[in-house]
Amino acid sequence: MPDALYEKFVRRWEEVIDLPPQTLGPFTAHYKTVTRHFKVMPWPLLVLLAFGVATLLYFFVGSAITLLVSLLQRGF
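These numbers were taken from a predicted model, which means no experiment stands behind them.

S.K.: Whenever I open this one, the overall build of the protein chain confuses me. Can you help?
M.R.: Summing up its helical and strand segments, the protein chain has four helices and zero strands in all. Element order for the protein chain, N to C, with α for helix and β for strand: α-α-α-α. For the protein chain, whose C-alpha radius of gyration is 24 Å, the value lies well above the compact-globule estimate of 11 Å for 76 residues. By principal-axis analysis of the C-alpha atoms, the protein chain measures approximately 75 × 35 × 25 Å. Per element, the accessible surface of the protein chain, about 7,600 Å² overall, is 72% carbon and sulfur.

S.K.: Explain the pattern of salt bridges here, please?
M.R.: Pairing is possible between side chains that carry opposite charge, provided their charged atoms lie close to one another. Counted according to the given criterion, the structure contains one salt bridge. Between Glu15 and Arg12 there is a salt bridge, and its shortest N-O distance comes to 3.1 Å. Here Arg12 and Glu15 lie together in helix 1 (residues 2–17), a separation of three residues that amounts to about one turn. The exposed category is assigned to Glu15, whose relative accessible area is 52%.

S.K.: I would appreciate a short explanation of a negative patch on the surface in the present structure.
M.R.: Taken together, the side chains of Asp3, Glu7, Glu14 and Asp18 define an acidic patch exposed on the protein surface. In this structure, Asp18 sits in the loop between helix 1 and helix 2 (28–40). Under the relative-accessibility criterion, Asp18 is labelled exposed at 62%.

S.K.: Before we go on, may I ask you to explain the environment of Lys32 in this structure?
M.R.: Within the secondary structure, Lys32 sits in helix 2. Separated by 33 residues in sequence, Lys32 and Ile65 have C-alpha atoms that sit 34 Å apart.

Cut-offs applied
- Residue numbers here run from 1 along each chain, matching the order of that chain's written sequence.
- Owing to the predicted nature of the model, reporting of local features is limited to residues with pLDDT of at least 70; listing and counting of side-chain atom pairs is limited to 80 or more, with chain, interface and lining totals taken over all residues.
- Side-chain metrics in this entry use all non-hydrogen atoms of the structure; hydrogen atoms and water are not considered.
- Numbering of helices and strands starts at the N terminus; helices are DSSP runs of H or I of at least 4 residues and strands are runs of E of at least 2.
- The reference for a compact globule is 2.2 Å times residues^0.38; the radius of gyration itself is calculated from the C-alpha atoms.
- Using a 1.4 Å probe, accessible areas were evaluated by the Shrake-Rupley method; residue-level cover was limited to the displayed protein chains.
- Salt bridges are identified by distance alone: a Lys or Arg side-chain nitrogen within 4 Å of an Asp or Glu carboxyl oxygen.
- Note on exposure labels: buried denotes an accessible area under 20% of the residue type's maximum, exposed denotes more than 50%, and partly exposed covers the range between, all computed with a 1.4 Å probe on protein chains only.
- Residues with no salt bridge and a relative accessible area higher than 30% make up the patches, which join like charges within 9 Å and nonpolar side chains (Val, Leu, Ile, Met, Phe, Trp, Tyr) within 5 Å.
- Here Asp and Glu are counted as negative and Lys and Arg as positive; His is not counted, and neither are the chain ends.
- The location of each charge is read from NZ of Lys, CZ of Arg, CG of Asp or CD of Glu.

As structure tokens, then:
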């Protein structure tokens, strides 16, 4: 009886553990390219992304960005 219970456990374990690779349809190749860089050395990409977001905010909001940042700092 314990062997049957163990075999049932092993079968269920294999069902749960054996997952197929995740795909994102046509975006899978782009996803793998981006995540490969994030896994190896994420800081340069994160710094560039932060700089880009800050620049876009400056262009959209202008010099009022300082007021927005001050407001957000008071909230936290």
